[in-house]
Amino acid sequence: MYAAKNTTEVIRALESSSEKGLSQLEAETRIQKYGTNQLKEQKKKGILALFMEQLNDPLIYILMAAIAISLFLKEAGDAAIIAAVIFLNSVVGVIQEDKARKAIEALQQLSSPKALVMRGGEKYEIPSSKLVPGDIVFLEAGRQVPADLRLLTAVNLKIEESALTGESVPVDKTTHELPESVTGIGDKTNMAYMSTTVTYGRGEGIVTATGMATEIGRIAGLIDSSNNEMTPLQKRLADMGKLLSMVAVSVCAFLFLVAVLQHRDIGDMLLTAISLAVAAVPEGLAAIVTIVLALSVSRMVKVGTIVRRLPSVETLGAVNTVCSDKTGTLTQNRMKVEECYLDGEIIKEKELDGRDCSLFLEACTLCNDAVIGEKRLGDPTELALLDLTQEHGLKKGELERKLPRIDERAFDSERKRMTTVHKNGQGKIAYIKGAADEMIDQCQNIWIHGREAAFSSKAKQDAKAAVKEMAGRAYRVLAVAAKKKGDLKDEKNMIFLGLVGMIDPPRQEAKGAVESFQRAHVDTVMITGDHVDTAFAIAKKLGIAKEKKECMTGAEIEEMSSREFGERVEKIHVFARVSPEHKVRIVEALKSRGKVVAMTGDGVNDAPSLKAADVGIAMGKEGTDVARSAADLVLTDDNFATIEKAMKEGRGIYENIRKTILFLLSSNFGEIITMLAAVLAGFPVPLKASHILWINLITDSLPALALGMDKNDGDALMKEPPRKSTDGLFSHGGLACTLCYGVVIGIISLLAFLTIPYMELTKQGLPVTIQNLEKILRLEPVLFKAQTHAFTVLGMSQLMHAIGMRDVNKSVFKMKHLDNPYMLLAWGVGIALQALVTEVPYFVSLFGTSRLSLSEWMVLGGLSSVPLLIHELLVLSEALQKGAGEIHLKKAAEGEEHKNESPQPGEAV
């Protein structure tokens, strides 16, 4: 609004004065009206509120029901164990940082603590929080802009806005009004924005917005209003929790109906139904998933990634679109000279060696206010020139002692050039650098092949053609000249020395990372506030985009409806001149098309989109506090290629979690089959609630954790397309695996349970019928022994099943078991724990089991190995089918080849 008004209209609209500013009284009145110049603090949640949020989960509801059931069954110990699981899960959740609150706090820290202001005709330095709209503020190099300003004066003023706009180079500021069509933050050259930094010159501005009304305040509002969505795994677990709840309720209702139809004791049947419901719930699942994710954090650190939000680890494995900021992420955020125009031709910077270009390099070094020492100080363009000359042996300090500066004419936006005058052995010499086309016109001679010659019209045309060619490759082009005669500061009749073309170059590792993403079926999209030509040039170098039609600007996005934009968004790979709101809209449009989106960035302007993405990834070294606080993951080495390594880990972690869940569910399904089949046949329950809880919380948990820490073939996983966001845990054979092994475990557990009454009936010479089996199981010693057999087989068979679950497509004899020592440990400890409840008198009494003989252990061990036998048969079957398919394809190919070699009708033989 204010950018389109002239300075007089702006001052009038804000009821202020350029000479005196606001009075102290008026400033105090306005602070009451507009509030302090601070960002609004997010309402902080207490520890209790955060803890209660962790309990809002379907799986946790089931565990709470299990506690109630255990207490109903007077199993206080079981209830305590489940309560401990819930507490552990919630504590881990509370420890995770509140991203939005941290992001707001980091934004507040960006605010300039002091501001130089005009009040009542006097200059004061006041806390920036006291600024109000209408205040006149003074800017100078090194100061941070304390609020949004409309500039009133600008003397060679340059402001670095990359964190806000993504533009690499400081912006030359002006004071004249702009057309109303100019809407982009980076294009409003007569405005200065809160938190940006003055790098050169000085100026005055009138405050147009403070606090949350500033551009950075709007970003804070975007971060604050963005909700944390559930990750794909969280959604799948929530769906599974609901399913398990329905299964548990359905089982209870079904058994109650069975009780009525079989005229059983309703009370006894209710207890049985509750025990079966407990069997349907994998009580340790929530804690195991949380622990597996937590353990994966250390593995992510090894590949240069800090995890700020646990569920994002597995989400990274599902990402199929990586949206990346350009400046500082795909590029180095440091200007570099890549091409020069010397002796009438464009050459690469490295080709300067061996040429007589000492005068050219001297000009680049001396007509320069930047300093490279312990710190890099100065304009990025000038720093790039110093980097160039240092690479070719010139040191600014030494050269300045040899050719001291005695006069200068500073850069300004009208002339668009800078001149320095130096004393040399022959007298004086001036060096000039600036906008290429204007300087070429003011040059009379040219330095070519080590000597001065007339700068002909053709030579000038060639130089301007070189400017156009280099600009077409998105280089920022500067001309360099010298002057030895006349008024050395009048910038006319100069000697043309050459051109430099510079750009913020791509990171060396970024191109390889983009190629790796393509092989992994992951799209890369560049989103930047920079100009479209610059963005496309970088995207083309990196292989992100091939044609200009793959680019879109923020202005084009504004003109589109959500439906139109949604239809086009997947075809665009470069978005340029975009605002923070545009970035969020791009991310949300991709997500609406079923994409799982990772967003990378390092600036303040990236923070809202980092939070809106499925996975937000910030740069750790060069990134702003705001970006790091809004992100889910932080790259410690600022290496874009690290994302590919982290993605590989993410895919492996999800695969491990999926194996863990399928293992636990197939084991629980085996428990349900065991219980349900026995009850429907009229037998007593083969497992007590305490047996089920022992297996679910103790015996199952150890191998489940070991599966979660398994090593995967990351390279093979990265060749596969990322899983779809709609894929459930049972996709790709998961349901068949669960049902198959559940049935197998159920059958062998039931066989173990019925073996004892069968042997008793045989010993007594009684016929083996269901009625006789049911009667003899009413005898307590027989029931205890039968339950012990079922309990032992169920526990050990699940330990055997866990070994096979490491890789359902590979024989256990081909697995590298030493790669996962945790599984070997879990297996050994699991067997020991199972022996504990059958051999130690205290636990025998506690669990109502019977001691087993060595021969019984051997028989039950053999029966428990059946899941591994099934695993081997399934692997063998798949291998045979694959082999048969390959033979068929080979024969078909040979037949086609033979057919092609056969003579055609009428052809000579």
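If you're wondering where the values come from, they're calculated on a predicted model, not measured in any experiment.

Caption draft 1: Geometry of a nonpolar patch on the surface. On the surface, a nonpolar cluster with roughly 230 Å² of combined accessible area is contributed by Leu702, Leu825 and Val829. Note on Leu702: relative accessible area 31%, which makes it partly exposed.

Caption draft 2: Structural view of the nonpolar core. By size, the foremost hydrophobic cluster in this structure holds 97 residues, and its most contacted members are Leu316, Phe496, Leu499, Phe640, Met647 and Ile661. Membership of the second largest hydrophobic core comes to 49 residues, among which are Ile185, Phe565, Val578 and Ile586.

Caption draft 3: Highlighting the packing of helix α32 (residues 780-804) against helix α33 (residues 821-839). Running from amino to carboxyl end, α32 crosses α33 at an angle of 180°, the nearest separation of the two axes being 10 Å. Relative to α33, the element α32 is oriented roughly antiparallel. Seen from α32, the contacting residues are Thr788, Phe791, Thr792, Gly795, Met796, Leu799, Met800, Ala802 and Ile803; seen from α33, they are Met823, Ala826, Trp827, Gly830, Ile831, Gln834, Val837 and Thr838. Partitioned by chemical class, the residues of the contact of α32 with α33 number eleven nonpolar, six polar and no charged.

Caption draft 4: Region of interest: the pattern of salt bridges. On inspection of all chains with the given rule, the structure shows 44 salt bridges. Arg507 is paired through a salt bridge with Glu509; the nearest N and O atoms lie 3.7 Å apart. You can call Arg507 buried: its relative accessible area is 13%. Taking the shortest distance from any N to any O, the salt bridge between Lys648 and Asp715 comes out at 2.9 Å. With Lys648 in helix α26 (residues 642-680) and Asp715 in helix α29 (residues 714-719), this pair connects stretches of sequence that are 67 residues apart. For Lys648, a relative accessible area of 27% corresponds to the partly exposed category. The network of salt bridges with shared partners includes Glu339, Lys348, Glu469 and Arg473.

Caption draft 5: Here's a closer look at the pairing of strand β2 (residues 122-127). Judged from the six bridges that link them, strand β1 (residues 114-119) and β2 form a sheet pairing that is antiparallel. Along β2, the bridge assignment pairs Met118 with Lys123. In this structure, the hairpin formed by β1 and β2 is closed by a connection of two residues, where Gly120 is found at a positive phi of approximately 60°.

Caption draft 6: Just the environment of Thr642, in detail. Structurally, the position occupied by Thr642 is in helix α26. Counting along the chain gives 339 residues from Thr642 to Val303, while the straight-line C-alpha distance between them is 6.7 Å. Sequence-distant contacts of Thr642, defined by excluding residues within four places in its chain, comprise Val303, Gly304, Thr305, Leu635 and Asp637.

Caption draft 7: Representation of the sheet that holds strand β24 (residues 597-601) within the structure. Taken together, the eight strands give an open sheet; going across it, the order is β8-β26-β25-β24-β9-β21-β23-β22, and neighbouring strands pair in mixed fashion. A single partner strand is all that each edge strand has here, and the edge strands are β8 (305-307) and β22 (551-553). Each strand axis lies, on average, 20° off the axis of its neighbour in the sheet, ignoring direction. Where strand β25 (residues 615-619) and strand β26 (residues 633-635) come together, three bridges link them in parallel fashion. Across the sheet, Ile617 pairs through a bridge with Leu633, a residue of β26.

Caption draft 8: Structural view of helix α19 (residues 508-519). For α19, the set of buried residues is Ala510, Ala513, Val514, Ser516 and Phe517. The arc that holds every buried residue of α19, seen down its axis, measures 160°, which confines them to one face. In this structure, α19 carries Gln508 and Arg519 as exposed residues pointing more than 90 degrees from its buried face. In this structure, the buried side of α19 is in contact with β9 (321-325), α13 (326-330), β21 (523-527), α20 (532-542) and α26.

Caption draft 9: Focus on the environment of Ala681. Examined against the element boundaries, Ala681 turns out to sit in the loop between α26 and α27 (689-699). Given a relative accessible area of 27%, Ala681 falls into the partly exposed group. C-alpha separation for the pair Ala681 and Ile770, spaced 89 residues apart in sequence, amounts to 7.3 Å.

Caption draft 10: Up close: unusual backbone geometry. Backbone geometry at Lys416 places phi at a positive 60°, although glycine is not the residue there. One non-glycine residue, Ala474, lies in the positive phi region at around 70°. As for its placement among the helices and strands, Ala474 is situated in the loop between α18 (457-472) and β19 (476-483).

Caption draft 11: Spatial organisation of the confidence of the model for the chain. Per-residue confidence for the chain gives a mean pLDDT of 84, with 87% of residues at or over 70. Per-residue pLDDT stays below 50 along residues 96-101; that stretch engages in 19 contacts with residues further than four places along the chain or on separate chains.

Caption draft 12: Expanded view of the pairing of strand β4 (residues 148-160). Here β4 runs beside strand β7 (residues 197-209); their pairing, made up of ten bridges, is antiparallel. When the sheet's bridge partners are listed, Ile159 is paired in β7 with Val198. Across two bridges, the pairing between β4 and strand β6 (residues 191-192) is antiparallel. Bridged to Arg150 within β6 is Met191. Two elements, β4 and strand β5 (residues 171-172), share two bridges in a ladder whose sense is antiparallel. If you follow Ile159 over to β5, its bridge partner there is Val171.

Analysis parameters
- What you see as residue numbers is a count from 1 along each chain, following the sequence as written.
- Only residues with pLDDT of 70 or above have their local features reported here, since the model is predicted, and side-chain atom pairs are shown and tallied only from 80 upward, although totals for entire chains, interfaces and linings are computed over all residues.
- Heavy atoms throughout the structure, all of them, feed into the side-chain values; hydrogens and water do not.
- Surface patches are drawn from residues lacking salt bridges whose relative accessible area is over 30%; two like charges belong together within 9 Å, two nonpolar side chains (Val, Leu, Ile, Met, Phe, Trp, Tyr) within 5 Å.
- Only the protein chains shown count as cover for residues, and the accessible areas themselves come from Shrake-Rupley with a 1.4 Å probe.
- Any Lys or Arg side-chain nitrogen found within 4 Å of a carboxyl oxygen on Asp or Glu counts as a salt bridge.
- Only protein chains enter the accessibility calculation, which uses a 1.4 Å probe; a residue whose area is less than 20% of its type maximum is buried, one above 50% is exposed, and one in between is partly exposed.
- The definition of a nonpolar core used throughout is a set of buried Ala, Val, Leu, Ile, Met, Phe, Trp, Tyr and Cys residues joined through side-chain atoms within 4.5 Å.
- What counts as an axis is a line fitted to C-alpha atoms, over the stretch in contact for a helix, and the angles between N-to-C directions run from 0 to 180 degrees.
- The way it works is that DSSP assigns letters per residue, a run of H or I at least four long becomes a helix, a run of E at least two long becomes a strand, and they are numbered from the N terminus.
- For classification, angles of less than 35 degrees are called roughly parallel, those exceeding 145 degrees roughly antiparallel, those between 65 and 115 degrees roughly perpendicular, and all remaining angles oblique.
- Any two residues whose heavy atoms approach within 4.5 Å at even a single point are treated as in contact.
- Three residue categories are used. Nonpolar comprises Ala, Val, Leu, Ile, Met, Phe, Trp, Tyr, Cys and Pro, charged comprises Asp, Glu, Lys and Arg, and polar comprises the others, including Gly.
- In this description, strands pair whenever DSSP reports at least two bridges between them.
- In this context, the arc is that of the directions from the helix axis out to the C-beta atoms.
- A score between 0 and 100, pLDDT records how confident the predictor is in each residue.

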